[in-house]
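# Structural features, examined
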Amino acid sequence: MKNIIVLTGPESTTKSTLAKELAEYFNAGFFPEYAREYLETRESGYTYNDVVHIAEKQIGQYEEACRMPGELVFLDTWLIITKVWFEWVYKKVPGWLETAIEKYPVSLYLLCRPDIPWVPDLLRENGGEQREALFGIYKNELQIRGFRYAEVGGTGEKRFLNAVHAVKSNICISAHS
């Protein structure tokens, strides 16, 4: 059985770094954050339809992940973040998104705590108190759906080791590093 592990949480909480490092550690598949890749090609802002496109691409990545060899695949973000983003920015969510969140099972969400400094860049919008608020929203989304998740916090190597421990504690893996 394929174990899909998603890194989720607010901006600037090392989701991208952890997803890549965990994939390397476990010799597993990995999909980078498509939203960042897509938005970096845009000359200005994004629209509701851009976020729809991002969600559709995330589903495509998930489907591709299921066809990859090996037991584990790490996804840097997933539809929970996209749903919250729709609500946060546009106050509306496409009707099909709820169904998609339920249709595509995730073995484990690693919910990254905002316990490290926020590092601004051209695509990040929500530092400070907004980051804390978004963390609470993501956590609530996972809890109300009954999804398996583990919070990951700490700094530097400790954060990575906490993530490794969360994966090993929650996922049955036949062979790993």
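Provided above is the structure to which this section pertains.
Notably, Thr-14 is not glycine yet its phi reads approximately 70°, a positive angle. Along the chain, Thr-14 turns up in the loop between β1 (3-8) and α1 (15-25). Positive phi is not limited to glycine here, since Thr-77 has a value of about 80°. Relative to the elements of secondary structure, Thr-77 occurs in the loop between β3 (72-76) and α4 (79-90). Taking the relative accessible area as the measure of exposure, Thr-77 reaches 5% and is therefore buried.

Within the span of helix α5 (residues 95-103), buried status applies to Leu-97, Ala-100 and Ile-101. The arc enclosing the buried residues of α5, seen along the axis, measures out at 100°, which places them on a common side. When the buried face of α5 is taken as reference, the exposed residues oriented beyond 90 degrees from it are Gly-95, Thr-99 and Lys-103.

Further remarks concern the state of the cysteines. Inspection of every chain in the model, using the stated rule, returns zero disulfides. Cysteine Cys-66 shares no disulfide, and the gap to the nearest cysteine sulfur, in Cys-172, comes to 18 Å. The exposure class assigned to Cys-66 is partly exposed, which follows from its relative accessible area of 37%. Residue Cys-172 is classed as exposed on the basis of its relative accessible area, which comes to 71%.

Okay, the sheet that holds strand β2 (residues 29-31) next. Paired through their backbone hydrogen bonds, the strands of a sheet run either parallel or antiparallel. In spatial order, the strands read β2-β3-β1-β4-β5; together these five strands make up an open sheet with parallel pairing. Strands with a single pairing partner mark the edges of an open sheet, and in this sheet they are β2 and β5 (149-152). Adjacent strand axes in the sheet meet at a mean angle of 20° when their direction is disregarded. Across five bridges, β1 lies against β3 in parallel orientation. Residue pairing for β3: Leu-7 is matched across the bridge by Asp-76. Contacting β1, β2, β3, β4 (108-112) and β5, α1 crosses the sheet at an angle of about 165° to β3.

Attention now moves to helix α7 (residues 156-170). Along an α-helix, a turn takes 3.6 residues, which lines up residues three or four apart on a common side. Relative to the 21 Å expected for 15 residues at 1.5 Å per residue, α7 spans 22 Å between its end C-alpha atoms, a close match to the ideal helical length. Of the surrounding secondary structure, the elements contacted by the buried residues of α7 are β1, α1, β3, β4 and β5.

On to the nonpolar core, then. Core analysis: the largest hydrophobic core is formed by 31 residues, its most contacted members being Leu-75, Trp-78, Leu-79, Tyr-109 and Tyr-138. Of all elements in the fold, only β1, α3 (48-67), β3, α4, α5, β4 and α6 (128-145) reach the threshold of two or more residues within this core. Looking at this core element by element, the count peaks at seven residues for α3. Leave out the neighbours within four places in its chain, and Leu-75 touches Ile-4, Ile-5, Val-6, Leu-7, Phe-31, Tyr-62 and Ala-65. Judged by nonpolar contacts, the second largest core, of 21 residues, contains Phe-26, Leu-108, Val-167 and Ile-171.

As a further point, take the pattern of salt bridges. As a working rule, side chains carrying opposite charge can pair if their charged atoms are close by. Throughout the structure, instances matching the rule amount to nine salt bridges. In this structure, Arg-145 engages Glu-102 in a salt bridge whose closest nitrogen and oxygen atoms are separated by 2.9 Å. With a gap of 43 residues between them, Arg-145 in helix α6 and Glu-102 in helix α5 connect regions that are remote in the sequence. According to the relative accessible area criterion, Arg-145 is buried, its value standing at 18%. Its relative accessible area of 47% is what places Glu-102 among the partly exposed residues. In this structure, Asp-115 and Arg-159 form a salt bridge, with 2.5 Å as the shortest nitrogen-oxygen distance. Taken together, the residues span a long stretch of sequence, with Asp-115 in the loop between β4 and α6 and Arg-159 in helix α7 at a distance of 44 residues. Judged by relative accessible area, which is 2%, Arg-159 ranks as buried.

Criteria and cut-off values
Residues numbered from 1 in each chain as written. Predicted model: local features only at pLDDT ≥ 70, side-chain atom pairs only at ≥ 80, totals over all residues. Heavy atoms only, no water. Helix = DSSP H or I, 4+ residues; strand = E, 2+ residues; numbered from the N terminus. Buried < 20%, exposed > 50% of the residue type's maximum accessible area, 1.4 Å probe, protein only. Arc of directions from axis to C-beta. Disulfide = S-S within 2.5 Å. Pairing = 2+ DSSP bridges. Axes fitted to C-alpha atoms, helices over the stretch in contact; angles between N-to-C directions. Contact = heavy atoms within 4.5 Å. Expected span 1.5 Å × (residues − 1). Core = buried A, V, L, I, M, F, W, Y, C linked by side-chain atoms within 4.5 Å. Salt bridge = Lys/Arg side-chain N within 4 Å of Asp/Glu carboxyl O.

Fair warning: the whole summary comes from geometry, so function is off the table for now.
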